[in-house]
Amino acid sequence: MSRVYNFSAGPAIMPEEVLRTAQKEMMDYHGCGQSVMEMSHRSGVFDEIIREAEKDFRELVGVPDNYKVLFLQGGGTLQFAQIPMNLMKNRVADYIITGNWANKACQEAAIYGKANKIASSEDRNYTYIPDCSDLPVDEDADYVYICHNNTIYGTQFKKLPDTKGKLLVADVSSDFLSEPIDVEKYGLFFGGVQKNVGPAGMVITVVRDDLVTGDVLPGTPTLMKYKTQADKGSLYNTPNCWCIYICGLVFRWLKAQGGLEAMHKKNEKKAALLYDYLDSSRLFKGTVRREDRSLMNVPFVTGDKDMDAKFVAEAAENGLVNLKGHRTVGGMRASLYNAMPYAGVEKLVTFMEDFEKANS
Ligand SMILES: *Cc1c(COP(=O)(O)O)cnc(C)c1O
């Protein structure tokens, strides 16, 4: 068996310990003679899996009792619609546009009401986080929306915007569980799990109790009301059982790693190794303003398309895979999620140094 270092932005690298546990439990989960993907979601065995997963998640994140934790399908993208359907009572919401994902969320909200773009970093291809200290927040806005970590452009909010008393809603898909999060600052946040947590096919939404009401926009399907799933413990219909199980294993792994504070330190150390090298390199350059750099997604370029392509190809031959950047940025992107070990980043930086010597 030969495993690579996978720098994909998502679906992404998983902790090896988790994969091994899943392998061990595949044919016979805890003596019940079947795998988790075969069992009824109404069974006692699965009930324990989902309860444990939620309990561990709450403990890990420090979710207060007045917030619901929902395991939902449809990925991050369906949240772009589910949020306005449930929260846009005045049919007005403010969006901070820091890249593709925020833009898509804003476009979706515009189906339901007035979606204002109150700040944007489009003018410099989203290479920075705009100043959010004095935003033109709409008086009638039901919420202010951000994408906390911009997977494609490699920027991250280091300070939350001043929403002037309005509800803050955040997409935390690509830095989910990578660092502590102050839950009470948000009305709602959600993360598609395939970036930093588990396999593709699920999103975890954390939403304050008082926002989970039956009072939604007319025409909202039953399954799209947060209340429907909140009342049924995310088991209104058949959930993604397998994904819930694997995420549960990841939550346990994160607890064993020392929790989110400890993960944050490890993530800072990994990112510093790569950014320090980028700052010293004469061949490679980071694309993001220094103070807004993401700890999770690190885009970089050589400035020469052919050289970029050569680098990506040679890196792959050396077991460093999925380093090609998003087409809107070009160059390379290294995603350094929780499951990426320090040794993987060391191997990448050593390879970059060697490549730089050989190509200058
Ligand atoms: C990947 C991603 C999404 C979209 O997730 P899907 O699960 O594919 O719908 C949304 N927001 C962010 C920040 C992402 O990185």
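As a reminder, the structure under discussion sits directly above these lines.
Heads up: these notes are all about the structure in this document. (Residues numbered from 1 in each chain as written. Predicted model: local features only at pLDDT ≥ 70, side-chain atom pairs only at ≥ 80, totals over all residues. Heavy atoms only, no water.)

Digging into the pairing of strand E5 (residues 144-147)
Item 1. Taking every second residue as pointing to the same face, both faces of E5 are buried, with Val144 and Ile146 on one and Tyr145 and Cys147 on the other.
Item 2. Bridge count for strand E3 (residues 92-97) against E5 is two bridges, and the pairing is parallel. Counted as the bridge partner of Tyr95 is Tyr145 from E5.
Item 3. Note: E5 against strand E8 (residues 168-171), four bridges, orientation parallel. Bridging across to E8, Cys147 finds its partner in Asp171. (Buried < 20%, exposed > 50% of the residue type's maximum accessible area, 1.4 Å probe, protein only. Helix = DSSP H or I, 4+ residues; strand = E, 2+ residues; numbered from the N terminus. Pairing = 2+ DSSP bridges.)

Digging into the sheet that holds strand E9 (residues 188-192)
Strand pairing in a sheet takes place through backbone hydrogen bonds and is either antiparallel or parallel in direction.
Item 1. One open sheet accounts for seven strands, arranged E2-E10-E9-E8-E5-E3-E4; its pairing is mixed. Of all the strands in the sheet, just strand E2 (67-72) and strand E4 (114-120) have a single pairing partner and so form its edges. When strand polarity is set aside, the average angle formed by the axes of neighbouring strands in this sheet is 20 degrees.
Item 2. Two elements, E2 and strand E10 (residues 203-208), share six bridges in a ladder whose sense is antiparallel. (Axes fitted to C-alpha atoms, helices over the stretch in contact; angles between N-to-C directions.)

Brief notes about the pairing of E4
Item 1. In this structure, E3 lies alongside E4, joined through six bridges in parallel fashion. Bridging across to E4, Val92 finds its partner in Lys114.
Item 2. In the classification by handedness, the crossover that spans E3, the intervening helix H4 (residues 100-109) and the parallel E4 is right-handed. (Right-handed = clockwise from strand over helix to strand, strands pointing away.)

Quick word on the nonpolar core
Item 1. Phe57, Leu177 and Ile204 are the most contacted members of the largest nonpolar core, which totals 54 residues.
Item 2. Broken down by element, this core gets its largest block of residues, eleven residues, from helix H6 (residues 241-256).
Item 3. Among all residues touching Leu177, those that are not within four sequence positions of it are Phe57, Leu60, Val61, Asn196, Val197, Phe251, Leu254, Leu260, Met263 and Asn338.
Item 4. Among the nonpolar cores identified, the runner-up in size contains 33 residues, and Tyr277, Leu278, Met307 and Ala315 belong to it. (Core = buried A, V, L, I, M, F, W, Y, C linked by side-chain atoms within 4.5 Å. Contact = heavy atoms within 4.5 Å.)

Topic: the packing of helix H2 (residues 44-61) against H6
Item 1. Two numbers describe how H2 lies on H6: the axes approach to 9 Å, and their chain directions differ by 40 degrees. When the axes of H2 and H6 are compared, the pair comes out oblique. Handedness of the crossing formed by H2 with H6: left-handed. Contact residues: H2 offers Phe46, Ile49, Ile50, Ala53, Asp56, Phe57, Glu59 and Leu60, while H6 offers Cys241, Ile244, Tyr245, Gly248, Phe251, Arg252, Leu254 and Lys255. (Parallel < 35°, antiparallel > 145°, perpendicular 65-115°, else oblique. Left-handed = near helix turned anticlockwise from the far one by under 90°.)

Focus on the sheet that holds strand E14 (residues 332-335)
Item 1. The strand order across the open sheet formed by three strands is E11-E12-E14, and the pairing between neighbours is antiparallel. The open sheet terminates on both sides in strands that have one partner only, identified here as strand E11 (285-286) and E14.
Item 2. One ladder, built from two bridges, connects E11 with strand E12 (residues 297-301); its direction is antiparallel. The residue bridging Lys285 from the neighbouring strand is Val301, located in E12.

Here's the deal with the packing of aromatic side chains
Item 1. All told, the structure shown has 18 aromatic pairs when counted by the stated rule.
Item 2. Look at Phe311 and Phe355: their rings are 5.2 Å apart centre to centre, the planes differ by 85 degrees, and that puts the pair in the edge-to-face class. A residue pair is termed long-range when its members are at least 10 positions apart, and Phe311 in helix H8 (residues 305-317) and Phe355 in helix H9 (residues 342-358) qualify at 44 residues. Across this residue pair, the class does not change: Phe311 and Phe355 are buried. (Phe/Tyr/Trp six-rings, centres within 6.5 Å; stacked < 30°, edge-to-face > 60°.)

Some remarks on the side chain of Thr228
Item 1. Along the chain, the position of Thr228 falls in helix H5 (residues 226-231).
Item 2. If near-sequence neighbours (up to four positions away) are discounted, Thr228 is found in contact with Thr222 and Tyr236.

Digging into the pattern of salt bridges
Opposite charge on two side chains allows them to pair when their charged atoms are near.
Item 1. Scanning all chains against the criterion turns up 18 salt bridges.
Item 2. With its nearest N and O atoms 3.5 Å apart, the salt bridge here joins Arg3 to Glu16. Of this pair, Arg3 sits in the segment before strand E1 (5-6) while Glu16 sits in helix H1 (residues 16-24), and the two are 13 residues apart along the sequence.
Item 3. We classify Arg3 as partly exposed; its relative accessible area is 44%.
Item 4. Between Lys89 and Asp215 there is a salt bridge; the shortest N-O distance is 3.9 Å. Note that Lys89 is positioned in the loop between helix H3 (75-87) and E3 and Asp215 in the loop between E10 and H5, a separation of 126 residues in sequence.
Item 5. Since its relative accessible area comes to 39%, Lys89 is described here as partly exposed.
Item 6. One salt-bridge network, in which partners are shared between bridges, spans Arg3, Glu16 and Arg20. (Salt bridge = Lys/Arg side-chain N within 4 Å of Asp/Glu carboxyl O.)

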